[in-house]
Amino acid sequence: MIITPQLTGNIARSCHPIGCRQALQKQIDYVKSQGALNAPKRVLILGASSGFGLAARVALTFAGGADTLGVSFERGPSQKGVGSAGWYNNCFFKQAAEKEGRKAINVIGDAFQPTLQTQVVEQIKQAFGQVDMVIYSLATGRRDIAATGESFRSVLKTTGEPVEGYTVNLETAALEWTKIPTATSEETTHTTKVMGGEGWQEWIDALLEADALAPGAQTLAFSYLGPDLSAPVYRFGTIGVAKEHLHATANHLNEQLNTAIGGSAYPVVAKALVTKASVFIPVMSVYLALLMKKMKAKGSHEGCIEQCYRLFASKGAGATAILDEDRQLRLDDWELDDALQAEIAQIYPTITPENFKQLTDFNGYRHDFMALNGFELEGVDYQAEVDMEAMAALKP
Ligand code: NAI
Ligand code: NA
C-alpha cells in the first residue's frame, strides 16, 4: 500500500509508519549526539506517544539510560485505516529501546480510568519496583468519569471579551478569519476537568497508595503560559484557566510528596510548538508560525526533543530542578525574550492572507505538522509500498 497524506482542516487522516520511525530515529540521534544525562532511571510517562511526552521519553532513555512505562491512547491498523502516528511511535520506540537493553513498556488505554491506573501501578511494581519520576503530558478533549457516568469536553474559547484573528488552515494552506467566543462558566469548568490537574492528582494518589514512588521521586506536568500577544486566547482562555488549576495542583502535590516521601512536583512551562494538540488552538497558529521564523533567524529555535533534552541537561529536572519564584520550571525562556517578543508584536498585526507565507515560517510550521504524521521526512521513499501486514504485526 502506498500511503499519502490526507488532511481535513487541521486533522491528519493518515500517517506513514516508516516516516514515523524515521522521525523517531531523528530524535534518538539528536539526544545521542548530545552528552549523557544524569536523570531518573525508572520513569512513568502519561501521554508518552507523541509531542512532549515522547520527546521526554526519548531523552531519558537514549541519553539517560532510563527504563520507562508509557501510557497513551492510540489505535493500531484496522479495516478503518493505517492507525495513528502515536501507535507506530510506541511500537518503534519499544524496538529501539529494547535493542539498547532498556525496558520500554507501553500501556494503551484511557489514562483517566481507575482500572487502567491499577493495572499500570501493578506493572510498575512488577517491572521496576518503584519509579523515580512521573511525567504528566496528556493532551485531550475529553475525560469520562466511569464512577459517575459524567463526561467532560474541553473547549478552546476565551474567558474575556470575544477575540477575532487569523488562524492557519493546514488543509487549504490559507489563513482564515476566526471568531473565538466567550466560554460559559460551565465550559470553563469542563475544560479544567479535562486539562487541569485532577487527573494528575489521581495518578499520584494511586502511586503513593501503592508505595510505587521511590524516596525523593519527582513529578512534572507540561504547561504553557505564552506572551501577552496570545493571552486573550491562551492565558485568559479556557485552556489557561485549566493550566492555572494544573499549577495549583503542582503546589499541592509538592507538599503531599514532600511529606510522604521527600519528593516534589512542579509544572514545566514549555515553549509553543507544533503538535497534534496545539494546531487546534485558534489564532495561536499564526503567532507560532511567526515565532518559528524569528527564533530560527536568531538561532534559538527548538522542537520538542531539544526542549526535553534541555529540561534534563540544563534545567535540573530529576535532580535539582531550577524553578522560578512561582515554583515553575521555565523552558519558555528563549520564546519570551523581550527583544524577540517586541519584534513579534510589531509584525503580528501586519499579517494578512496575502503576505503570511513571507512574514511567517508557514512552510516550517506545515512541515513540522506533516512530520508528526510521518510525512516529508528525508530518507523515506514515499513512492514505495508500505507492507501493512508487517505493520499489523508490530506490538506496542
Ligand atoms: P500530543 O497530542 O502530542 O500528546 C498527547 C498525548 O496524550 C499522546 O501520547 C496521547 O496518546 C495521550 N493521550 C490523550 N488522551 C489520553 C487518554 N485519555 N489516555 C491516555 N493517553 C492519552 O500533545 P502535546 O502538545 O505533547 O501536549 C502534552 C502537554 O504539553 C499538554 O499538557 C500541553 O498543554 C502541553 N504543552 C504543549 C505545548 C505545545 O505548544 N504543543 C506547549 C507547552 C505545553
Ligand atoms: Na505528550
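Residues numbered from 1 in each chain as written. Chains lettered and ligands numbered in written order. Predicted model: local features only at pLDDT ≥ 70, side-chain atom pairs only at ≥ 80, totals over all residues. Heavy atoms only, no water.

Looking at an unreviewed UniProt entry, the protein chain carries the name Enoyl-[acyl-carrier-protein] reductase [NADH], with the source organism given as Corallincola platygyrae. We quote the UniProt Pathway (unreviewed entry) comment for the protein chain here in full: "Lipid metabolism; fatty acid biosynthesis." Word for word, the UniProt comment on the protein chain under Subunit (unreviewed entry) is "Monomer." (UniProt positions renumbered as here; feature names shortened; annotations may be inferred.)

Visitor: Give a description of the overall build of the protein chain that names residues and reports values.
Guide: The number of helices and strands found in the protein chain is 13 helices and 13 strands. Overall size of the protein chain, expressed as C-alpha extent along the three principal axes, is 60 × 50 × 45 Å. Expressed as a percentage of its 396 residues, the buried residues of the protein chain come to 55%. Of the contacts formed within the protein chain by residues at least 6 apart in sequence, a portion of 76% connects residues at least 24 apart. Looking at the protein chain as shown, the accessible area adds up to about 16900 Å², and 51% of this sits on carbon and sulfur atoms. (Helix = DSSP H or I, 4+ residues; strand = E, 2+ residues; numbered from the N terminus. Buried < 20%, exposed > 50% of the residue type's maximum accessible area, 1.4 Å probe, protein only. Contact = heavy atoms within 4.5 Å. Areas by Shrake-Rupley, 256 points an atom, 1.4 Å probe, with all protein chains shown as cover.)

Visitor: Help me get a handle on the coordination of the sodium ion (ligand 2), residues and values and all.
Guide: Around the sodium ion (ligand 2), the protein supplies Gly47 (O), Ser50 (O), Gly53 (N), Ser137 (O) and Ser137 (OG) as donor atoms, at distances of 2.7 to 3.2 Å. Read in sequence order, the donor residues coordinating the sodium ion (ligand 2) give the pattern G-x2-S-x2-G-x83-S. Remark: Ser137 occurs in the loop between strand 6 (131-136) and strand 7 (142-145) and Gly47 occurs in the loop between strand 3 (42-46) and helix 2 (51-62); sequence separation between them is 90 residues. The buried category is assigned to Gly47, whose relative accessible area is 13%. (Donors = N, O, S within 2.8 Å, 3.2 Å for Na, K, Ca; no water.)

Visitor: Which residues make up the environment of Ile45, and what values go with them?
Guide: With respect to the secondary-structure elements, Ile45 resides in strand 3. Through-space distance from the C-alpha of Ile45 to that of Met133 is 8.4 Å; in sequence the pair is 88 residues apart. When sequence neighbours within four positions are dropped, the list of residues in contact with Ile45 reads Gly53, Arg57, Thr68, Leu69, Gly70, Val71 and Ile135.

Visitor: Kindly report on the nonpolar core, identifying the contributing residues and their values.
Guide: Side chains of nonpolar character tend, in soluble globular proteins, to be buried together. Counting residues in hydrophobic clusters, the biggest one holds 96 residues, and the most contacted among them are Tyr88, Ile135 and Phe312. Per-element tally for this core: the top contributor is helix 8 (residues 284-298), with 9 residues. Beyond its immediate sequence surroundings of up to four residues, Tyr88 is in contact with Cys15, Pro17, Cys20, Pro77, Val82, Gly83, Phe93, Met388, Met391 and Leu394. Counting 31 residues, the second largest nonpolar core, distinct from the first, contains Ala111, Phe112, Ile124 and Ala250. (Core = buried A, V, L, I, M, F, W, Y, C linked by side-chain atoms within 4.5 Å.)

Visitor: Run through the sheet that holds strand 12 (residues 264-269), naming residues and quoting values.
Guide: With respect to topology, 7 strands assemble into an open sheet ordered 5-4-3-6-11-12-13, the strand pairing being parallel. At either end of the open sheet lies a strand with only one pairing partner, and these are strand 5 (104-108) and strand 13 (329-330). Bridge count between strand 11 (residues 213-223) and strand 12: 6 bridges; the pairing is parallel. Across the sheet, the residue bridging to Phe222 is Val268, located in strand 12. Along the sheet, helix 2 contacts strand 3, strand 4 (67-72), strand 5, strand 6 and strand 11; its crossing angle with strand 4, the most-contacted strand, is approximately 170°. (Pairing = 2+ DSSP bridges. Axes fitted to C-alpha atoms, helices over the stretch in contact; angles between N-to-C directions.)

Visitor: Can you break down the packing of aromatic side chains residue by residue, with the values?
Guide: Across all of its chains, the model carries 9 aromatic pairs by this definition. When the ring of Tyr224 is compared with that of Tyr234, the centres are 4.8 Å apart and the planes differ by 85°; the resulting orientation is edge-to-face. Taken as a pair, Tyr224 in the loop between strand 11 and helix 7 (238-261) and Tyr234 in the loop between strand 11 and helix 7 lie far apart in primary sequence, 10 residues in all. Residue Tyr224 is classed as buried on the basis of its relative accessible area of 7%. (Phe/Tyr/Trp six-rings, centres within 6.5 Å; stacked < 30°, edge-to-face > 60°.)

Visitor: Talk me through unusual backbone geometry; I want residue IDs and the actual numbers.
Guide: We note that Arg327 has phi near 60°; this positive angle belongs to a residue other than glycine. By secondary structure assignment, the location of Arg327 is in the loop between helix 9 (304-313) and strand 13. We classify Arg327 as partly exposed; its relative accessible area is 22%. Phi angles above zero are rare outside glycine, and Glu376 is one such case at about 65°. Among the secondary structure elements, Glu376 is positioned in the loop between helix 12 (362-372) and helix 13 (388-392). On the basis of relative accessible area, Glu376 is assigned to the partly exposed category, the value being 34%.

Visitor: How would you summarise the packing of helix 2 against helix 3 (residues 85-99) if you had to cite specific residues and measurements?
Guide: One way to put it is that helix 2 packs onto helix 3 with a least axis distance of 11 Å and a crossing angle of 5°. With respect to helix 3, the axis of helix 2 lies roughly parallel. Packed against helix 2, whose contacting residues are Leu54, Arg57, Val58, Thr61 and Phe62, the element helix 3 presents Asn89, Asn90, Phe93, Ala96 and Ala97 at the interface. Among the residues making up the contact of helix 2 with helix 3, the classes are represented as 6 nonpolar, 3 polar and 1 charged. (Parallel < 35°, antiparallel > 145°, perpendicular 65-115°, else oblique. Nonpolar A, V, L, I, M, F, W, Y, C, P; charged D, E, K, R; others polar.)

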